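Here are the chains, one letter per residue:
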Amino acid sequence: MNRRAELAEYEAMVKECRACPLRDGCRQVVFGEGNPEARLMLVGEGPGAEEDRLGRPFVGAAGQLLDRILIAGKFPRPEVYIANVVKCRPPGNRLPLPNEVRACRVHLDRQIEIINPQIIICLGALATQTLIDPNARITRDRGKWARKDGRLIMPTFHPAALLRDPAKKRPVWEDIQKVMAVYHDNAVI
Ligand code: SF4
């Protein structure tokens, strides 16, 4: 089975998931979207109101900002894959609870396994703590490459944080430039 078919089959399964209480409070499972053979994958926190309504990740205000970041980095959205740590919207956009993150982890791990990206960008603290180090602090650790299972992982601020604090735009751009050097120019880390 090719990656597209494998991912589609897994998505259909996750759409039926009820492994944690988040599913009871949301409209639908937001699995993720993009290129099943992406070299670059971005992982956020969880769906917000717009994402829950449309069933797509990063389509609200933070998503529009992410689109601009992707364009600036010359990573067109159809070329990458975008997902979240949890696939169901936490009520009132609260942070996902540890038991919810644990329950949904298997889905994120399987997505990463199927897509097999060379680079992952963690958008915000939760993705960074989930994929790199539970004790990570985004303000301290952003911009530093991590290496896991043969992949390079770059933590940076979540686009929603940039909307609240535009001063974070410069450090995010610095982090994106590091990713560009590897993605476009095969820079060795
Ligand atoms: Fe399943 Fe994840 Fe949704 Fe919880 S958040 S119900 S684990 S898909």
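Residues numbered from 1 in each chain as written. Predicted model: local features only at pLDDT ≥ 70, side-chain atom pairs only at ≥ 80, totals over all residues. Heavy atoms only, no water.

**What about the sheet that holds strand β3 (residues 81-84)?**
Piece 1. Reading across from one edge, β1-β3-β2-β4-β6-β5 is the order of the six strands in this open sheet, with mixed pairing throughout. Across the chains shown, the open sheet's two edge strands, defined by having one partner strand only, are β1 (33-34) and β5 (146-148).
Piece 2. Sheet analysis places β5 next to strand β6 (residues 151-156), joined by three bridges and oriented antiparallel. Bridge pairing in β6 links K148 to R151.
Piece 3. Sheet strands in contact with helix α8 (residues 169-185) are β2 (40-44), β4 (119-123) and β6, and its direction is about 165 degrees off that of β6. (Pairing = 2+ DSSP bridges. Helix = DSSP H or I, 4+ residues; strand = E, 2+ residues; numbered from the N terminus. Contact = heavy atoms within 4.5 Å. Axes fitted to C-alpha atoms, helices over the stretch in contact; angles between N-to-C directions.)

**Focus on the layout of surface pockets**
Summary: where empty space remains is shown by rolling a probe the size of a single water molecule over the atoms.
Piece 1. Computed from the structure, the largest pocket encloses a volume of approximately 580 Å³.
Piece 2. Forming the walls of the largest pocket are 29 residues, and the residues nearest its centre are E45, G46, H158, A160 and R164.
Piece 3. Only α2 (49-54), α3 (61-72), α5 (125-131), α6 (138-141) and α7 (159-164) provide two or more residues apiece to the lining of the largest pocket.
Piece 4. Of the residues belonging to the lining of the largest pocket, the class tally is 14 nonpolar, nine polar and six charged.
Piece 5. Roughly 150 Å³ of volume is contained in the second largest pocket.
Piece 6. Along its surface, the second largest pocket is lined by R105, D109, I112, E113, I120, L131, K148, D149, R151 and I153.
Piece 7. At the level of elements, α4 (98-115) and β6 are the ones that each hand at least two residues to the lining of the second largest pocket.
Piece 8. The element contributing the most residues to the lining of the second largest pocket is α4, with four residues.
Piece 9. Tallied by class, residues from the lining of the second largest pocket come to four nonpolar, no polar and six charged. (1 Å grid on protein atoms, 1.4 Å probe; cavity = no way out; pocket = protein on both sides within 12 Å on 5 of 7 lines; lining within 4 Å. Points joined across faces, edges and corners; volume = space filled by probe spheres on them. Nonpolar A, V, L, I, M, F, W, Y, C, P; charged D, E, K, R; others polar.)

**So, the UniProt feature "domain: Uracil-DNA glycosylase-like" (unreviewed entry) in the chain**
Piece 1. When the UniProt feature table is mapped onto this chain numbering, "domain: Uracil-DNA glycosylase-like" (unreviewed entry) sits at residues 31-177.
Piece 2. Helix makes up 42% of residues 31-177 and strand 17%, with an end-to-end C-alpha separation of 28 Å. (UniProt positions renumbered as here; feature names shortened; annotations may be inferred.)

**Thoughts on the side chain of H107**
Piece 1. Position of H107 relative to the elements: it lies in helix α4.
Piece 2. Accessibility expressed as a relative area gives 6% for H107, which makes it buried.
Piece 3. Among the polar contacts listed, one links the side chain of H107 to the side chain of Y10, at a separation of 2.8 Å.
Piece 4. Beyond its immediate chain neighbours, meaning those up to four positions away, H107 contacts Y10, V14, C17 and K87. (Buried < 20%, exposed > 50% of the residue type's maximum accessible area, 1.4 Å probe, protein only. Polar contact = N/O pair within 3.5 Å; in protein donor to acceptor, adjacent residues only side chain to side chain.)

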